[in-house]
Amino acid sequence: MKLHLDTVRMLDRWRLHFAHQPPVSDGVFRRNDGIDTDAIFTSEMNRWYHRLLLEAPEHQLCVHDMAESFTIPESEDGATVLSLPSDIVRIVEVRLSSWRRSARIVTSPYHILAVRQLHPYTRAGVSAPVAVFENGRLSLYPAASSADVLSVLRCVCFRDGEYDFDDSALSCVLRDVDID
């Protein structure tokens, strides 16, 4: 089941799964020894959630299809470059209509596949396309033709104060904050 939680509800779930403390809704509990447990739990919860978004298997995430939100711009240096909103943190799948399959996604400009795209003779073709995602830019190789449309763009988004994931990911909390 997909969960869509705000910070307060996520903190209640975190206490229940990680700290083994049920949420207290009928009273106020205060410590006066100087330890802010909410701040500690929120920090751990956010660290886990960021790692979840970047590393978890697709079935544990809420993936958004954003293909219809973009038009294909003119190609530059053999690539079609899309400027993505800042809340997109991970690309799960991308495909142009002329490609025979979805692109292999690379997140480092120093990865060998990303470096190969810089030269026209080693650049990817329609049977094995490559997408380089870095700093809010998605470079698609080979470049789109004039008749191409973006048929698939599946992304994972991070919005401050919102936690969207599958409830199966909470089982990762019990295993020392590990994913997998």
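Keep in mind that what you see is a predicted model, and the values were worked out from it rather than measured.

J.: So, the overall build of the protein chain: which residues are in play, and what are the values?
T.: Secondary structure summary: the protein chain contains 3 helices and 9 strands in total. Put simply, the protein chain runs from its N terminus to its C terminus through helices and strands in the order β-α-α-β-β-β-β-α-β-β-β-β. Put simply, the protein chain has 180 residues, and 37% of those count as buried. Counting contacts in the protein chain only where the partners sit at least 6 residues apart, residues at least 24 apart contribute 78% of the total.

J.: So what's going on with empty space enclosed by the protein? Residues and values would help.
T.: For the structure shown, the criterion picks out 1 cavity of 30 Å³ or more. The volume enclosed by the largest cavity comes to roughly 40 Å³. For the largest cavity, the full set of lining residues is Leu53, Leu61, Cys62, His64, Val156, Cys157, Arg159 and Asp164. When the residues that make up the lining of the largest cavity are grouped by side-chain class, the tally is 5 nonpolar, 1 polar and 2 charged.

J.: How would you explain unusual backbone geometry if you had to name every residue and give the values?
T.: Between Tyr141 and Pro142 the backbone carries a cis peptide bond, its omega angle lying at 0 degrees. Within the fold, Pro142 resides in the loop between strand S7 (137-141) and strand S8 (150-157). Despite not being glycine, Asn135 shows a phi value in the positive range, around 50 degrees. Within the element layout of this structure, Asn135 appears in the loop between strand S6 (130-134) and S7. Judged by its relative accessible area of 72%, Asn135 falls in the exposed class.

J.: Residues and numbers for the side chain of Asp166, please.
T.: Along the chain, Asp166 falls in strand S9 (residues 162-166). Among the polar contacts listed, one links the side chain of Asp166 to the backbone nitrogen of Met1, at a separation of 3.4 Å. Ignoring any residue separated from it by four or fewer positions in sequence, one finds Asp166 in contact with Met1, Lys2, His59, Gln60 and Leu61.

J.: An account of the sheet that holds strand S5 (residues 104-106) is requested, with residue identities and associated values reported.
T.: Ordered in space as S3-S7-S6-S5, the 4 strands form an open sheet in which the pairing is mixed. Each of the sheet's edge strands pairs with one partner strand only, and the pair in question is strand S3 (80-83) and S5. This sheet shows a mean twist of 20 degrees between the axes of neighbouring strands, independent of strand direction. Sheet topology places S3 next to S7; 4 bridges connect them, and they run antiparallel. The partner of Thr80 across the bridge, within S7, is Leu140.

J.: If you had to explain the environment of Asp164 to someone new, which residues and values would you point to?
T.: By the element assignment, Asp164 lies in strand S9. The exposure class of Asp164 is buried, given its relative accessible area of 12%. Residue contacts for Asp164: discarding those within four places in its chain leaves Leu3, His4, Leu5, Tyr49, Cys62 and Arg159. In terms of polar contacts, Asp164 uses its side chain to reach the side chain of His4, at 2.9 Å.

J.: Would you mind going over helix H2 (residues 37-55) in detail, with residue names and values included?
T.: Look at H2: 27 Å from first C-alpha to last across 19 residues, which is about the 27 Å you get at 1.5 Å a residue. Phe41, Met45, Trp48, Tyr49, Leu52 and Leu53 are the residues of H2 that are buried. Angular distribution of buried residues about the axis of H2 spans 135 degrees; they occupy a single face of the element.

J.: Before we move on, could you go through a nonpolar patch on the surface and cite the residues and values that matter?
T.: Nonpolar side chains collect at one region of the surface, where Ile112, Val115 and Leu118 lie side by side and expose about 290 Å² of accessible area between them. Note on placement: Leu118 falls in the loop between helix H3 (112-116) and S6. Exposure remark for Leu118: the relative accessible area of 64% places this residue in the exposed category.

Calculation criteria
- Residues numbered from 1 in each chain as written.
- Predicted model: local features only at pLDDT ≥ 70, side-chain atom pairs only at ≥ 80, totals over all residues.
- Heavy atoms only, no water.
- Helix = DSSP H or I, 4+ residues; strand = E, 2+ residues; numbered from the N terminus.
- Buried < 20%, exposed > 50% of the residue type's maximum accessible area, 1.4 Å probe, protein only.
- Contact = heavy atoms within 4.5 Å.
- 1 Å grid on protein atoms, 1.4 Å probe; cavity = no way out; pocket = protein on both sides within 12 Å on 5 of 7 lines; lining within 4 Å.
- Points joined across faces, edges and corners; volume = space filled by probe spheres on them.
- Nonpolar A, V, L, I, M, F, W, Y, C, P; charged D, E, K, R; others polar.
- Polar contact = N/O pair within 3.5 Å; in protein donor to acceptor, adjacent residues only side chain to side chain.
- Pairing = 2+ DSSP bridges.
- Axes fitted to C-alpha atoms, helices over the stretch in contact; angles between N-to-C directions.
- Expected span 1.5 Å × (residues − 1).
- Arc of directions from axis to C-beta.
- Patch = residues over 30% accessible without salt bridge, like charges linked within 9 Å, V, L, I, M, F, W, Y side chains within 5 Å.
- Areas by Shrake-Rupley, 256 points an atom, 1.4 Å probe, with all protein chains shown as cover.
- Salt bridge = Lys/Arg side-chain N within 4 Å of Asp/Glu carboxyl O.

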